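# Residue-level structure breakdown
Chain residues, written in single-letter form:
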Amino acid sequence: METEFVRWTEDGTEHSAVWRSTSGATPPKKIRVADDSMTADEAYRLACEGTALLWRGDFHNARQLGTAVAARTDRKTRKTSTDPATAFHLHRQTQSRRAGILGMLLVPFDADQTVPLRRAPDVRQAVLEAYGPTDQPTVTTLRDLLGAIGAHEWQKKGVEIPALGARIHPGYGVFSPIRGEYVDLVADTPLPSLVTAFDIGTGTGVLAAVLAHRGVEKVIATELDANALACARANLDRLGYAGQVQVVETDLFPAGRAPLVVCNPPWIPARPTSPIEYAIYDPDSRMLRGFLGGLAEHLEPGGEGWLILSDIAEHLGLRTREELLTLIADAGLTVLGRRDVAPRHGKVADRSDALHAARRREVTSLWRLGAQDSPAGW
């Protein structure tokens, strides 16, 4: 990837630094140097006009300014609609606009990746995990930096997985398994075999670990994202399952067949706007279609494919149940059974959430699928 630079004038001198963005945002063209004298109203006005603010004041004051600008952004009247699909797209537009405004507050880094601001924390490890190494001065958004710090803390602390009796540590840009209901479905559904299983799109490796924990002798976990590959391998090694689970870099399926193939694809057919959103948004249901389309040829006779999928897209008007069943049938598959569970995350009860109506009706399902020309069961 070509290195991009951000340029600005400070004290009458031209400056430049490497531009870093986890979302792939382009460098801002207009930059003004700002410090603790900047008011939230002025910062909000400049951000809305497309002027970025390179911060030279106190680090904690920058965080407070960002919070104040966010509050002003959230007070803007939001467009709404009674049509679920329209309401979802308006919500995404609001999110995009909010991210754009908050992305106008910039933070500098010295060549050693320390932040040259008063009361700035030591973020070198978090920045290394998010962006990789560099020996040049850089600039990123405060929003990106806070995301990197938060991800670093999640990685250190980990997420408790009751089905494992252990913690999974999500790496930067790898979706955290905080929604335990889908993990519980894989932990509780009777296994068709203990010989081999494939885990398609393993992410943190949590489902591969659950399968190994349940006694599956060999699990092949696939992934394309470099951060996720490293994260899964580290988690499986930490948990003692590296000998049972092989993590393979490939798109969807590994070579061969298995009596059990598991996949938890992104649930919403929409365009992601940042790397972390690829775990949630699946443009045109690419991964879902790919998994269903290739499942039959990767199942052993009598084998099962487990599709773990929320029906949130149906409640948002983005995909119907009939369309899902048609995808399953057209792939030469039949439904052997289904287990459902209601979500337990906090947004279910958050009436201020723009998608509350859909979330309160959401159900996560484990679809047991088999090949149409294969005998059911074992």
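Before any of the text, the structure's been laid out above.
All figures in this text were calculated on a predicted structure; none of them were measured in a lab. (Residues numbered from 1 in each chain as written. Predicted model: local features only at pLDDT ≥ 70, side-chain atom pairs only at ≥ 80, totals over all residues. Heavy atoms only, no water.)

Before going further, it helps to examine the pattern of salt bridges. Throughout the structure, instances matching the rule amount to 16 salt bridges. Measuring nitrogen to oxygen at the nearest pair gives 3.3 Å for the salt bridge that ties E49 to R45. Salt bridges linked by common partners bring R179, E181 and E362 together as one network. (Salt bridge = Lys/Arg side-chain N within 4 Å of Asp/Glu carboxyl O.)

Its identity is not glycine, yet D284 carries a phi of approximately 55°, on the positive side. Mapping D284 onto the fold places it in the loop between β12 (258-263) and α9 (286-295). The phi torsion at S285 lies on the positive side, around 55°, for a residue other than glycine. Inspection of the secondary structure assignment puts S285 in the loop between β12 and α9. Of the residues examined, S285 reaches a relative accessible area of 5% and is grouped as buried. (Helix = DSSP H or I, 4+ residues; strand = E, 2+ residues; numbered from the N terminus. Buried < 20%, exposed > 50% of the residue type's maximum accessible area, 1.4 Å probe, protein only.)

Strand order in the open sheet made by the 7 strands is β11-β10-β9-β12-β13-β15-β14, with mixed pairing throughout. Two strands in the sheet have a free side with no partner beyond their single neighbour: β11 (245-249) and β14 (333-341). Across this sheet, the average inter-strand angle for adjacent strands is 20°, counted without regard to direction. Bridging between β12 and strand β13 (residues 299-310) involves 5 bridges; their strand directions are parallel. Bridge pairing in β13 links C263 to L307. Those strands touched by helix α7 (residues 206-213) are β9 (196-200), β10 (218-223), β11, β12 and β13, and its axis lies near 175° from that of β10. Sitting on the sheet, helix α11 (residues 321-330) is in contact with β13, β14 and β15 (364-371), with an inclination near 25° to β15. (Pairing = 2+ DSSP bridges. Axes fitted to C-alpha atoms, helices over the stretch in contact; angles between N-to-C directions. Contact = heavy atoms within 4.5 Å.)

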